[in-house]
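Examination of the molecular architecture
Okay, here's what each chain looks like letter by letter:
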Number of protein chains: 2
Amino acid sequence: MKKKTALLFSLLMSVLLISACSKNTNSNSNNTAKTSGTTTNKGYQTTGKTTDSDYQGVIQDGKYKTNAARGVGISQNADNLLNLKSFESGMTALSKDQFSPNKYVFQEGQILSKSTIENWLGRVSSSNPTGLNPKDNGQKDAAKRNPIYVQQIEEQDYMNENNGKLSLGGITIGIGMNRKDYYQKEEYGSTYTSDISQAEMIKQGRIAAAKVLDRVRKQNGVSANTPIMIAMFQQAENDSLVGGSFYAYTVSKNGNEISNWNNTNLSSYTFPATATKSVPNDNDETSFEGFQNKIKNFFPNLAGVTAQGQYKNKTLQGLKVNITTQFYSETEITSFTQYVAQAAKNYLPSGIPIDITVKGADGTVQSFLSRQSGNGNFYTHVFSSY
Amino acid sequence: MKKKTALLFSLLMSVLLISACSKNTNSNSNNTAKTSGTTTNKGYQTTGKTTDSDYQGVIQDGKYKTNAARGVGISQNADNLLNLKSFESGMTALSKDQFSPNKYVFQEGQILSKSTIENWLGRVSSSNPTGLNPKDNGQKDAAKRNPIYVQQIEEQDYMNENNGKLSLGGITIGIGMNRKDYYQKEEYGSTYTSDISQAEMIKQGRIAAAKVLDRVRKQNGVSANTPIMIAMFQQAENDSLVGGSFYAYTVSKNGNEISNWNNTNLSSYTFPATATKSVPNDNDETSFEGFQNKIKNFFPNLAGVTAQGQYKNKTLQGLKVNITTQFYSETEITSFTQYVAQAAKNYLPSGIPIDITVKGADGTVQSFLSRQSGNGNFYTHVFSSY
């Protein structure tokens, strides 16, 4: 908890420093916004995209159109920012099936304001009638108190582009649900935990989703037949080295009733397996350990090798490998990176996207390797300096 | 100075932590070393290589063959580690012209030991007769004392591979020369600076190079006709945001006389230009500023945009761009990266290698973009997490 708070604090401090350091000349003259052809609509641009599978984002008046609730995700996930990363990348990934990047432009959520979402995330009370979490029943005991079930909510908008005008084509709402609710009995006191069963999380998630769909459907700018996807995410524990996963979603084509839920069967794991948590497929663990053994003794000093893996049922969907070691020279980094590329090709599973990040002992990224699919060579990049 | 010392300290602490955390199972069983066919030579492997323009490195008994003077570079450049990065990558780049990566295998220097190099980097005295720097004349005044001219020395070996055996095919020795020598008048006291003129640096560098060539030629394992390249590097100042550059080199085919020196005409600059230091070509500065203006106001919070550029005479050879901003979500990182890719394509000079690293306010790398040449699209990668 303290470490995460310190991290958040240093993030905020850094932004203040950067703001203070930058020269505020504020020259917008280069932002030649594409005008939409109407006088009522302001001009917009899109970011362009570098791969077909990515969305373009919306720029208005030369600036990125940020989320109306910008920053809520960081404060709601301050105890484990991995949850924010996996929540947002997971939402985007699920949205691609409903709202194809070839057809839709991505826009940060504009309908739900920061205060709206913050109220929804609170406990229901006379002063906060829209709270999605149960009222405070006054109990301090972990099993007797009403836990916070709904931890985070985020909106993503998917826009149709016609004749230089953008119109809302679909909405994705992600809802992050707790399996563990961390709380203090008194301010600055010890942290206690209320456990929430999987069945209870699913039940409470459905109750919240029904309310959210009904409320979003009634917002200005949302029509009776705007497609709304609601995606349910299970938050990872605060000390987890991998973020949570989306476990279910529903798509409302119209109206405010949820007719059915689809399970994603997605879950995330860390490698190497631990005594308490093994990965769904032993072969993957064996592959990883072969790779790890090949790497860790390359230098006289040891290299730490870990990974995050995402599974759909028992099938590995991708790996994010992290390697940390102490380098004593640039040439060591180059040699190590090439060696890792060979070892990854020989040992790691084929046919899935694999990213490998190599960091120095101080946490600085020194090189990275990536392969999208197949069993061939990795793209490698060593971060260098003049 | 203090910041750099703290950085070095945290590097050392981190390595201790990593060593302590790693499970020391020490399984070498996967290292199926290629045996050389002789019983006296131990088996070796090479790292493999990911691009034709890189060297393979040497692995012996399953471990990387580290430099015999491993770590000297870090302590000699502790006040500005950019000097170490530019020194080593510059040495490797110059070596490629003499010892082609298609023909030679790279081996970290094995001939000059750590104590040998440390003695050479010291002042000459009765207890250190091999010191390349002048004796301490007892003066404390910046202009009257004898400065430290030679700041760092490193050896790189280039190996021929024949019938599964490696033999020394060439040596590169880099010598880093000071234009400013930082010193204290008393322990823990203020830092003073002795300035060294360019002419004096070149003169002293040639004196040191002649001694180094003579000594290296006489080492065990070096024959009368082993090619030895000696490359002269001007150290950047401690507060420089770009490392130093190699200014000259010579190649000795045999013997211990240096017949001629080649100027590299290389120098490194930072963008944007400052009041005291402008880049050699105004057009590059204009391009950079166009890019910077396009980027910095993308978010409501400002983005800091700087770059390092390497010049050969007045021609830009490459750019390393650094962008730092505060991100509030994963989707912001993706959108920003795509936008940067477009802006870089439109504004930055074409035909040269360009790397762009995007960092969050806490210094963590969030994405990177790279183009080797031409004027087409950038490769982009967003660092994500499950």
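No experiment lies behind these values; they were computed from the predicted model shown.

A look at the packing of helix α3 (residues 82-98) of chain A against helix α7 (residues 330-347) of chain B
Between α3(A) and α7(B), whose axes approach to 8 Å, the crossing angle comes to 60°. Contacts between α3(A) and α7(B) pair K85(A), E88(A) and T92(A) from the former with E330(B), T331(B) and I333(B) from the latter. Residues of the contact of α3(A) with α7(B), tallied by class, amount to 1 nonpolar, 2 polar and 3 charged.

Focus: the pattern of salt bridges
All names here are of chain A. By the definition in use, this model includes 14 salt bridges over all chains. Between D214 and K218 there is a salt bridge; the shortest N-O distance is 3.0 Å. Using a relative accessible area of 21% as the deciding quantity, one classes D214 as partly exposed. Judged by relative accessible area, which is 62%, K218 ranks as exposed.

Brief notes about the interface of chain A and chain B
Residue-level contacts link 93 residues of chain A with 92 residues of chain B. Taken as a group, R70(A), Q338(A) and Y386(A) account for 12% of the area that chain A buries against chain B, more than any other trio of residues on that side. Here chain A is connected to chain B by 4 salt bridges. Salt-bridge contacts for K85(B) lead to E330(A); the nearest nitrogen and oxygen are separated by 2.8 Å. Linking chain A to chain B there are 34 residue pairs in polar contact (both at pLDDT 80 or more). The biggest single contributor to the side of chain A that touches chain B is helix α7 (residues 330-347) of chain A, with 11 residues. Split into classes, the residues belonging to the side of chain A that touches chain B amount to 29 nonpolar, 49 polar and 15 charged.

Some details on the packing of aromatic side chains
In total, this model carries 44 aromatic pairs over all chains according to the counting rule given. Taking 5.1 Å as the distance between ring centres and 20° as the angle between the ring planes, the aromatic pair formed by F99(B) and Y158(B) counts as stacked. Of this pair, F99(B) sits in the loop between α3 (82-98) and β4 (105-108) while Y158(B) sits in strand β5 (residues 150-162), and the two are 59 residues apart along the sequence. Across the pair, exposure class does not vary: F99(B) and Y158(B) are buried alike. Among the aromatic side chains, those forming a connected cluster through ring pairs are Y64(A), F298(B), F299(B), F327(B), F336(B) and Y339(B). Lying across the ring of Y386(B), K320(A) places its NZ or CZ 4.9 Å from the centre.

Quick word on the relation of the copies chain A and chain B
Superposition record for chain A on chain B: RMSD 0.0 Å, screw rotation 180°, translation along axis 0.0 Å. Here the two chains are linked by the operation of a two-fold rotation axis. Here 99% of the contact residues of chain A are again contact residues in chain B; the copies associate through an equivalent surface.

Digging into the sheet that holds β5(B)
Residue and element names in this part refer to chain B. Taken in spatial order, the 6 strands make up an open sheet running β4-β5-β6-β9-β10-β11, and their pairing is mixed. With one partner strand each, in any of the chains shown, β4 and β11 (262-263) form the two edges of the open sheet. The strands touched by α3 are β5, β6 (165-177), β9 (228-234) and β10 (245-252); relative to β5, the strand with the most contacts, the crossing angle is about 40°. Contacting β5, β6, β9 and β10, helix α5 (residues 198-217) runs over the sheet at an angle of about 150° to β9.

Cut-offs and rules
Residues numbered from 1 in each chain as written. Chains lettered and ligands numbered in written order. Predicted model: local features only at pLDDT ≥ 70, side-chain atom pairs only at ≥ 80, totals over all residues. Heavy atoms only, no water. Axes fitted to C-alpha atoms, helices over the stretch in contact; angles between N-to-C directions. Helix = DSSP H or I, 4+ residues; strand = E, 2+ residues; numbered from the N terminus. Contact = heavy atoms within 4.5 Å. Nonpolar A, V, L, I, M, F, W, Y, C, P; charged D, E, K, R; others polar. Salt bridge = Lys/Arg side-chain N within 4 Å of Asp/Glu carboxyl O. Buried < 20%, exposed > 50% of the residue type's maximum accessible area, 1.4 Å probe, protein only. Buried area = accessible area lost by both parts, 1.4 Å probe. Polar contact = N/O pair within 3.5 Å; in protein donor to acceptor, adjacent residues only side chain to side chain. Phe/Tyr/Trp six-rings, centres within 6.5 Å; stacked < 30°, edge-to-face > 60°. Lys NZ or Arg CZ within 6 Å of the ring centre and 35° of its normal. Least-squares fit on C-alpha atoms with pLDDT ≥ 70 in both. Pairing = 2+ DSSP bridges.

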